[in-house]
Amino acid sequence: MSHYLFDSAAAQAVGRFSALESCYDPVSRRQLELTGLATGWRCLEVGGGSSSLGDWLGDRVGPRGQVTVTELEPRWAASHDRPEHVRLLRHDVVHDPLPDRDYDLVHARLVLLHLPERLEVLQKLVAALRPGGWLVLEEFDCGWTPVLAAPDASSAELFDRVHTALMGLLAEAGADPLWGRRTLGAMAAAGLRDIAASTYAEAWPGGGTGIALHRHNTDQVADGLARSGVPAAELDGFQALLRHPEFVVNSYPLISARGRRSHESEKDGPR
């Protein structure tokens, strides 16, 4: 099974999913609507977390459509019944064959960033599209998270130190913290047409919903941060800072990129 720094089976995953859904689901829904999403479409939601977007897709495509939601650990998405046309599947996108082909829409948010095999998985997702089908990838660019306000200069420096250590752990695990800025180019290289992208970011104040993502992430990898040289007192100070009302940090920019697989008649045409 593929390894992620942030284990989807861990208890912290629930808080992480909640923070991501609260901040980014409205953005993702707007991006998915831009593909022309309609009743009857067949959709694949890769790494669906608690399936908030998979359930929304099910509502949009209706019973004449089909939605498959995949996840390494699907138990967080299995808490309620779903209509028959929304299927939840335990699945490893790196090692397992895709459950179907000829999708009208394939969507993955914050999945490929974590995978050393991200380019191979991208080709796999493109191949799963029907001619004319859409791939939407949404990824963070973790290289731009400026502190926007802080009670003092040392607080800003503390955030940067701990966050830099966290990014180091991600890279050691095979993730690419800068994958967001590379996604559109990779999709073009994979042969998709009509590619476009937009970037969304917001201010995360201390004690707010979004900034809790940093708390859940650092909680889950506290041992790894300690091994990388972050003292326990410094991590405690970081956690307190995330609750401080005078502290504000820029959110991770979410880059939403979309592209369409060529129709057979377009394969040899001009790009």
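Quick caveat: nothing in here was measured; it's all calculated off a predicted structure.

Parameters at a glance
- Residues numbered from 1 in each chain as written.
- Predicted model: local features only at pLDDT ≥ 70, side-chain atom pairs only at ≥ 80, totals over all residues.
- Heavy atoms only, no water.
- Buried < 20%, exposed > 50% of the residue type's maximum accessible area, 1.4 Å probe, protein only.
- Helix = DSSP H or I, 4+ residues; strand = E, 2+ residues; numbered from the N terminus.
- Pairing = 2+ DSSP bridges.
- Right-handed = clockwise from strand over helix to strand, strands pointing away.
- Phe/Tyr/Trp six-rings, centres within 6.5 Å; stacked < 30°, edge-to-face > 60°.
- Contact = heavy atoms within 4.5 Å.

(A) Focus on the pairing of strand 5 (residues 129-140). Counted residue by residue, strand 5 has 10 buried out of 12 residues, so it is predominantly covered. Sheet topology places strand 4 (residues 103-109) next to strand 5; 6 bridges connect them, and they run parallel. What sits directly across from R109, in strand 5, is E138. For the crossover that starts at strand 4, traverses helix 3 (residues 118-127) and ends in the parallel strand 5, the hand is right-handed. Of the pairings in the sheet, the one linking strand 5 to strand 10 (residues 254-260) comprises 7 bridges and is antiparallel in character. Note on strand 10: the bridge partner recorded for E138 is S256.

(B) Spotlight on the packing of aromatic side chains. Scanning all chains against the criterion turns up 7 aromatic pairs. For the pair W204 and Y252, a centre-to-centre distance of 6.3 Å together with 85° between the ring planes defines the contact as edge-to-face. One end of the pair, W204, is in strand 8 (residues 203-205); the other, Y252, is in the loop between strand 9 (248-250) and strand 10, with 48 residues separating them in the sequence. Grouping residues by exposure puts W204 and Y252 together as buried.

(C) Here's a closer look at the side chain of S251. Tracing the chain through its elements places S251 in the loop between strand 9 and strand 10. Residue classification places S251 among the buried positions, given a relative accessible area of 0%. Among all residues touching S251, those that are not within four sequence positions of it are Y24, W144, T145, A201, E202 and W204.

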